[in-house]
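# Coordinate analysis (summary)
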Amino acid sequence: MRQQSQRWNQTAATGALAGAATGAAAAAAFGRGNTGQNALIGAGIGALVGLAAGMAVAERNLAFENREASASQRIQSAQQVANNLNNAAASSEAVAKQNQQRLAQLDRQYRAGQITAAQYRSETETMRQDAELMRKTAGEARDARQRLVASSRQVPQLMNEEAKIDQAQRRLESAADDLESALRRVPTA
């Protein structure tokens, strides 16, 4: 049981670390302006992408192992999934907030004539990708919740985690909504 949880955490953490490193390097290398700030934002975005990828792999592995797992192991696994999804939601909220701050800065620069509409749009492309990733992770939370509900027929105690997974899904959707709403201000021409 402990080993399964450790493998899940290691798989998800490996994805998050790899994503953070890649995102920081890419943002520092290709971003404009403050390299440190770009690296920090890139690390956050990369960690979120990597965590989502790591969670997907871990979920697949977990599904296979759960066929043979006892009820207590399945409950602990559900708790871990709920915790990881809520951590992903917290990361998404932080990334959305950072992006909104950057959008406000870009908006001021655009209104002052310091950047063009094309530059403004270019600077926001990764933000749109962030919003898409948040939506995808919210979908994964919805799927995890549905699997949990289906499994609860055999292990009713699993429903104790349903509210936590539902909360994570709502937080992810809200972060995506907030970011998408802010992105609507970006000039189209």
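All of the points below concern the structure found in this document. Since the model is a prediction, treat every value here as computed from it, not as a measurement. (Residues numbered from 1 in each chain as written. Predicted model: local features only at pLDDT ≥ 70, side-chain atom pairs only at ≥ 80, totals over all residues. Heavy atoms only, no water.)

### Focus on the side chain of Q169
Among the secondary structure elements, Q169 is positioned in helix α6 (residues 162–183). Residue Q169 is classed as buried on the basis of its relative accessible area of 9%. When sequence neighbours within four positions are dropped, the list of residues in contact with Q169 reads A138, A141, R142 and R145. (Helix = DSSP H or I, 4+ residues; strand = E, 2+ residues; numbered from the N terminus. Buried < 20%, exposed > 50% of the residue type's maximum accessible area, 1.4 Å probe, protein only. Contact = heavy atoms within 4.5 Å.)

### Thoughts on the packing of helix α5 (residues 125–151) against α6
Direction vectors running N to C along α5 and α6 enclose 160°, while the axes themselves pass 9 Å from each other. Taken together, the axis directions place α5 and α6 in an arrangement best described as roughly antiparallel. The handedness of the crossing between α5 and α6 comes out as left-handed. (Axes fitted to C-alpha atoms, helices over the stretch in contact; angles between N-to-C directions. Parallel < 35°, antiparallel > 145°, perpendicular 65-115°, else oblique. Left-handed = near helix turned anticlockwise from the far one by under 90°.)

### A few points about the nonpolar core
The biggest cluster of nonpolar side chains holds 20 residues, and the ones touching the most others in it are L103, Y120, M134, L179 and L183. Counting residues per element, the ones that place at least two in this core are α2 (35–66), α3 (71–111), α5 and α6. Element by element, the count of residues in this core is highest for α6, at five residues. If near-sequence neighbours (up to four positions away) are discounted, M134 is found in contact with L48, S92, V95, A96, L172, A175, A176 and L179. One finds I75, A88, A168 and L172 within the second-largest nonpolar core, a separate group that totals 17 residues. (Core = buried A, V, L, I, M, F, W, Y, C linked by side-chain atoms within 4.5 Å.)

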